[in-house]
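Commentary on secondary and tertiary structure
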Amino acid sequence: MNLTPTLQDCELLDLQDPLRSLRQQFDLPPGVIYLDGNSLGVLPKTVPARVAHAVTHEWGTDLIKSWNSAGWFNLPQRVGDKIARVIGAQPGEVIAADSTSINLFKVLAAALHIAKADHPHKTKIVSERSNFPTDLYIAEALCKERGYSLQLVEAEDLVAALQADVAVLMLTHVNYRTGAMHNMQAITAIAHAQGILTVWDLAHSAGAVPVDLKGSGADFAVGCGYKYLNGGPGAPAFVWVRPQHTDRFWQPLAGWWGHAAPFAFTPDYQPAQGITRYQCGTQPILSLTALDCGLDAFLAAEVLGGMAALRQKSLALTGLFMQLVRTRLHGHGFGIATPAEEALRGSQVSLTRTEGAYAIVQALIARGVIGDFRAGDGGQHPDILRFGFTPLYVGYADVWQAAEHLCQVMQSGEWQDARFAQKNAVT
Ligand SMILES: *Cc1c(COP(=O)(O)O)cnc(C)c1O
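Residues numbered from 1 in each chain as written. Predicted model: local features only at pLDDT ≥ 70, side-chain atom pairs only at ≥ 80, totals over all residues. Heavy atoms only, no water.

**Topic: the site of the ligand**
- Around the ligand, the surrounding shell consists of Ser 99, Thr 100, Ser 101, Phe 132, Thr 134, Asp 135, Thr 172, Asp 201, Ala 203, His 204, Tyr 226 and Lys 227.
- In the environment of the ligand, a nitrogen atom lies 3.0 Å from a nitrogen or oxygen atom belonging to the side chain of Asp 201.
- A distance of 2.9 Å is found between an oxygen atom of the ligand and a side-chain nitrogen or oxygen belonging to His 204.
- Burial of the ligand by the protein chains amounts to 86% of its free accessible area of 390 Å². (Near = heavy atom within 4 Å. Polar contact = N/O pair within 3.5 Å; in protein donor to acceptor, adjacent residues only side chain to side chain. Areas by Shrake-Rupley, 256 points an atom, 1.4 Å probe, with all protein chains shown as cover.)

Shown next as structure tokens:
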């Protein structure tokens, strides 16, 4: 499309969209264009009844028997097997448990153990300065404890930083601020050539872009259940470890659910084989149940072309939004932080603006167009207006309408209304 697409063009694209039926699986509030599935995915329609059943029947009636009869005990493995299909892992290699922050601690600690055994002279963890803060905080804390140092670099300086003294490279595959995507396979190969282990955070990749953990050579991965996998607020996260590494070390949160025989109740710890040792203690069954529904809604795409088809649509949606911003919002002070090149971006578009980014997002939310704001650092990293395009339930006309609302917000100046400057605790 060379001309700026019209609403009619977009409605036609929706009619022709082979993935259109997937949207019916979700409870989207009327009058809302939801562009924040990269932060909290929407509610799958099956969740209320399924969770209600887990509460009233499995818990209320069957009580403790449900650990066996309802399969509560191995729900983390069963959900993990579904996640494995989304990220290019094998059944039995992924477990759904705990939070992304906690899982990152486990795998980073395990990676440092392996690095220490294989390359005792190595002293550093390298990451990206604009990585998600919790990832950096966990790495910083672990470095302090283990006597390593954390080196933070800009994306363009990453390869140069991969020197022989680096033990672990910890990266988020798709950057939460800009939506820029790393080439997991290429970077992992460069890291391995220097004897560096790689830890990948898939928070903005799992369910958003094709991920091939097995083919990429990656060593460890973690990711989030409540973003593109639609598991609900605080849904358990997941962890994957390359099978050759899983049994080499205990992860440090060696709780009873990671024990080889938890119900033997022995006083000493014997780690389970495989990914099960990456569990710690009792898991949140109601949240896991909701996440299981989210994955079923996601896996329904498999018969419609799966992740490849979702990726194609995602690129079309993000490309359309960027095109509309370039043509229709020219002169309103926006920059586009997300790479124009398809291979370099995830499933979100981030706009920059030197002032007013927060208020503009709030003005859009008041109109029912939900994106979010991420503060910059006043320097190299500007304030960001973030728009996530989840191909499972966002359509082309939604994208057009969102851009139209943004035009109206800017042309009318309504974003300058004092009520939109009021900062909430969660932005
Ligand atoms: C969303 C996100 C997290 C969230 O971590 P929690 O432990 O669930 O709070 C972590 N890392 C990245 C890169 C994220 O995008």
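On we go.
**Considering the sheet that holds strand β8 (residues 197-201)**
- With mixed pairing, the seven strands of this open sheet are ordered in space as β4-β10-β9-β8-β7-β5-β6. The open sheet has two free edges, formed respectively by β4 (94-96) and β6 (149-153), since each of these has just one partner strand. Neighbouring strand axes in the sheet, compared pairwise and without regard to direction, differ in orientation by 20° on average.
- Here strand β7 (residues 166-172) pairs with β8 via five bridges, running parallel. Bridge pairing in β8 places Leu 169 opposite Thr 198.
- Together, β4 and β10 (238-241) form the strand contacts of helix α4 (residues 75-87), whose direction differs from that of β4 by roughly 125°.
- Along the sheet, helix α5 (residues 100-118) contacts β5 (124-128), β7, β8, β9 (220-223) and β10; its crossing angle with β9, the most-contacted strand, is approximately 170°. (Pairing = 2+ DSSP bridges. Helix = DSSP H or I, 4+ residues; strand = E, 2+ residues; numbered from the N terminus. Axes fitted to C-alpha atoms, helices over the stretch in contact; angles between N-to-C directions. Contact = heavy atoms within 4.5 Å.)

**Focus on the side chain of Ser 127**
- Inspection of the secondary structure puts Ser 127 in strand β5.
- For Ser 127, a relative accessible area of 0% corresponds to the buried category.
- Once residues within four sequence positions are removed from consideration, Ser 127 is found in contact with Leu 136, Gln 151, Leu 152, Val 153 and Met 170. (Buried < 20%, exposed > 50% of the residue type's maximum accessible area, 1.4 Å probe, protein only.)

**Comments concerning the UniProt feature "binding site: pyridoxal 5'-phosphate" (unreviewed entry) in the chain**
- Those places that UniProt annotates as "binding site: pyridoxal 5'-phosphate" (unreviewed entry) correspond, in this numbering, to Thr 100, Ser 101, Phe 132, Pro 133, Thr 134, Asp 135, Thr 172, Asp 201, His 204, Tyr 226, Trp 256 and Thr 282. Judged by maximum C-alpha separation, these annotated positions cover 183 residues in sequence and are scattered in space, the widest gap reaching 30.3 Å.
- Of note, Ser 101 is situated in helix α5.
- Look past the residues within four positions of Asp 135 in its chain and what remains in contact with it is Leu 104, Met 170, Thr 172 and Asp 201. (UniProt positions renumbered as here; feature names shortened; annotations may be inferred.)

**Observations regarding the packing of aromatic side chains**
- Under the defined criterion, the tally for this structure stands at 14 aromatic pairs.
- With a centroid separation of 4.9 Å and 65° between ring planes, the pair formed by Phe 73 and Trp 257 is classed as edge-to-face. Within this pair, whereas Phe 73 is found in the loop between α3 (66-69) and α4, its partner Trp 257 is found in the loop between α10 (243-246) and α11 (285-299), the two being separated by 184 residues in sequence.
- Pairwise contacts between aromatic rings join Trp 67, Trp 72, Phe 73, Trp 256, Trp 257, Phe 263 and Phe 265 into one cluster.
- We note Lys 227 situated over the ring of Phe 132; from NZ or CZ to the ring centre the distance is 5.4 Å.
- Here the guanidinium or amino end of Arg 353 rests over the ring plane of Phe 334, the centre of that ring lying 5.6 Å away. (Phe/Tyr/Trp six-rings, centres within 6.5 Å; stacked < 30°, edge-to-face > 60°. Lys NZ or Arg CZ within 6 Å of the ring centre and 35° of its normal.)

**A look at the pattern of salt bridges**
- Evaluated as defined, the whole model comprises 17 salt bridges.
- One salt bridge connects Lys 82 with Asp 296, and the closest N-O pair in it is separated by 2.8 Å. With Lys 82 in helix α4 and Asp 296 in helix α11, this pair connects stretches of sequence that are 214 residues apart.
- Bridged by salt links that share partners, the residues Arg 50, Lys 82, Asp 292 and Asp 296 form one connected network. (Salt bridge = Lys/Arg side-chain N within 4 Å of Asp/Glu carboxyl O.)

**Here's the deal with the packing of α5 against helix α6 (residues 133-146)**
- Their axes nearest at 10 Å, the elements α5 and α6 cross at an angle of 40°. Taken together, the axes of α5 and α6 lie oblique to each other. When you trace α5 past α6, the crossing you get is right-handed. On the side of α5, the interface is formed by Ser 101, Leu 104, Phe 105, Leu 108, Ala 109, Leu 112 and His 113, while α6 contributes Thr 134, Asp 135, Ile 138, Ala 139, Leu 142 and Arg 146.
- Looking at the contact of α5 with α6 residue by residue, the classes come out as eight nonpolar, three polar and two charged. (Parallel < 35°, antiparallel > 145°, perpendicular 65-115°, else oblique. Left-handed = near helix turned anticlockwise from the far one by under 90°. Nonpolar A, V, L, I, M, F, W, Y, C, P; charged D, E, K, R; others polar.)

**What to know about the domain arrangement of the chain**
- Splitting the chain by domain gives domain 1 (7-44 + 306-421) and domain 2 (50-300).
- Summarising the inter-unit geometry, the C-alpha centres of domain 1 and domain 2 are found 29 Å apart.
- Facing 36 residues of domain 1, the contacting portion of domain 2 comprises 29 residues.
- With both chains or domains summed, domain 1 and domain 2 bury close to 2400 Å², and 58% of this area falls on carbon and sulfur atoms.
- When residues of domain 1 are sorted by the area they lose upon contact with domain 2, Asn 38, Met 307 and His 381 head the list and together hold 20% of the total.
- Put simply, domain 1 and domain 2 have zero salt bridges between them.
- In this assembly, domain 1 and domain 2 are joined by 14 residue pairs in polar contact (both at pLDDT 80 or more).
- For the side of domain 1 that touches domain 2, the element with the most residues is helix α12 (residues 306-328), which contributes four residues.
- Partitioning the side of domain 1 that touches domain 2 into residue classes produces 17 nonpolar, 15 polar and four charged. (Domains from an automatic or database assignment. Buried area = accessible area lost by both parts, 1.4 Å probe.)

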